[in-house]
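# Remarks on the overall topology
Next come the chains, spelled out residue by residue.
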Amino acid sequence: MLDCPRDVVNVAGVVRAMKNMGLAQLRLVRPGEFDPRRIEGIAHRTADVVSATEICRSLAEAVADCVHVVGTTARARTAHRNYLRPRPAAERIVARTREGRVAVVFGREDRGLTNEGLDLCDAVVVIPTAPDYPSMNLAQACLVIAYEIFLAREGEAPLPRGKRSTAPATREEVEATLAALEGGLVRIEFFRAREAGTVMRTFRTLLARAEPDRQEAGLVRAVGYEIGHCIDRLEAGAEDGPEAAGQAEPADRRTGGP
């Protein structure tokens, strides 16, 4: 809910923030300008939010059917109010939506909500900012609050996974990976100056912290196996003797060099 917004660009920014966070009901109190086509040109694919926007004559009218009203301000005012940070405010907002309509009110760009507007609010949210620059753009402030509401309502959304991501490695696969890695390290005499048990316990801890998927564990396992295969090839070449190595054509002849 925007109380007397002046700039249609800021209104469009708020509409976009709402659309990003799944909020669909906007009320404007005496906006300086309301141009649906221009708003949709700035905030693409938001026609549903724009078309559902309601224009009200006063803030009292706009919040009349709400069971809980939360105002916003960049600073604490002289009068004592129920101040909250965004996260606990969002949790309260989501809880109260089970009882009826809840409003989050933002004031006009240049001076925020008036004291009379704040009097209509049950609580007031103050977004923490750097002390030497407390002012926030209207759309930015709306996005912060809308994001917290989204988290309170939906919970932490899972992060995207790569297209090749697989299920987590099983205990059996992790143990096979450690065994293959240890076998490869043995072949290159890595433990000649190190205690094998200590080293492998460190790798075990590292893998547990990394929580590899099946593909990742398989790749590490393949490294261990390939170390052994590489040593086998080197040993086989040494057994064939220098004569076998001398049968290979010189590199300069194969490449046409002088």
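Before any of the text, the structure's been laid out above.
What comes next concerns the included structure. Keep in mind the model is a prediction, meaning the values are calculated, not measured. Along each chain, numbering runs from 1 in the same order as the chain's sequence is written. Confidence filtering applies because this is a predicted model: local features only for residues at pLDDT of at least 70, side-chain atom pairs given and counted only at 80 or more, and all residues used for totals across whole chains, interfaces and linings. The side-chain values count all of the structure's non-hydrogen atoms but skip hydrogen atoms and water molecules.

### A few points about the packing of helix H5 (residues 86-96) against helix H7 (residues 138-154)
- Where H5 contacts H7, the axes come no closer than 8 Å and their chain directions differ by 55 degrees. In terms of axis orientation, H5 runs oblique to H7. The interaxial crossing formed by H5 with H7 has right-handed handedness. Contact residues: Pro 86, Arg 87, Ala 90, Glu 91, Ile 93 and Val 94 in H5; Val 144, Ile 145, Glu 148, Ile 149, Leu 151, Ala 152 and Arg 153 in H7.
- Residues of the contact of H5 with H7, tallied by class, amount to nine nonpolar, no polar and four charged. A fitted line through C-alpha atoms serves as each axis, taken over the contacting stretch for helices, and the angle formed by two N-to-C directions is quoted from 0 to 180°. The helix and strand labels rest on DSSP assignments: H or I over at least four residues marks a helix, E over at least two residues marks a strand, and numbering proceeds from the N terminus. Just so you know how the angles are binned, under 35 degrees is roughly parallel, over 145 roughly antiparallel, 65 to 115 roughly perpendicular, and the rest oblique. Crossing handedness is defined as follows: a turn of the near helix away from the far one that is anticlockwise and smaller than a right angle gives a left-handed crossing, while the clockwise case is right-handed. Contact criterion: two residues are considered in contact whenever any of their non-hydrogen atoms come within 4.5 Å of each other. Residues are grouped as follows: nonpolar covers Ala, Val, Leu, Ile, Met, Phe, Trp, Tyr, Cys and Pro; charged covers Asp, Glu, Lys and Arg; every other residue, Gly included, is treated as polar.

### A few points about the sheet that holds strand E5 (residues 83-84)
- The criterion for strand pairing is that DSSP finds at least two bridges linking the strands in question. Pairing is parallel in the open sheet, where four strands are placed in the order E5-E7-E4-E6. In this open sheet, the two edge strands, each paired with only one partner strand, are E5 and strand E6 (101-105).
- In this sheet, E6 lies alongside strand E4 (residues 66-73) in parallel orientation, the contact comprising five bridges. In the sheet register, Gly 71 faces E6, and the bridge partner there is Val 105.

### Digging into helix H9 (residues 196-210)
- Over its 15 residues, H9 runs 21 Å from end to end, which matches the ideal 21 Å to within 8%, given 1.5 Å per residue.
- The buried label goes to any residue with under 20% of its type's maximum accessible area, the exposed label to any with over 50%, and the partly exposed label to all in between, with areas taken from a 1.4 Å probe on protein chains only. Within the span of H9, buried status applies to Val 199, Met 200 and Leu 207. The buried residues of H9 occupy an angular sector of 90 degrees when the element is viewed end-on, so they sit on one face. Turned more than 90 degrees from where H9 packs its buried face, Arg 201, Thr 202, Ala 208 and Arg 209 sit exposed.
- Summarising the contacts, the buried residues of H9 are in contact with helix H8 (171-187).
- Two N or O atoms count as a polar contact when they lie within 3.5 Å, although within protein this holds only if one can serve as hydrogen donor and the other as acceptor, and sequence-adjacent residues are included solely when both atoms are side-chain atoms. Its side-chain oxygen at 3.0 Å from the backbone nitrogen of Gly 197, Glu 195 defines the N-terminal cap of H9. Each helix should span, by expectation, one fewer than its residue count multiplied by 1.5 Å. For this quantity, the arc is that covered by the directions from the helix axis to the C-beta atoms.

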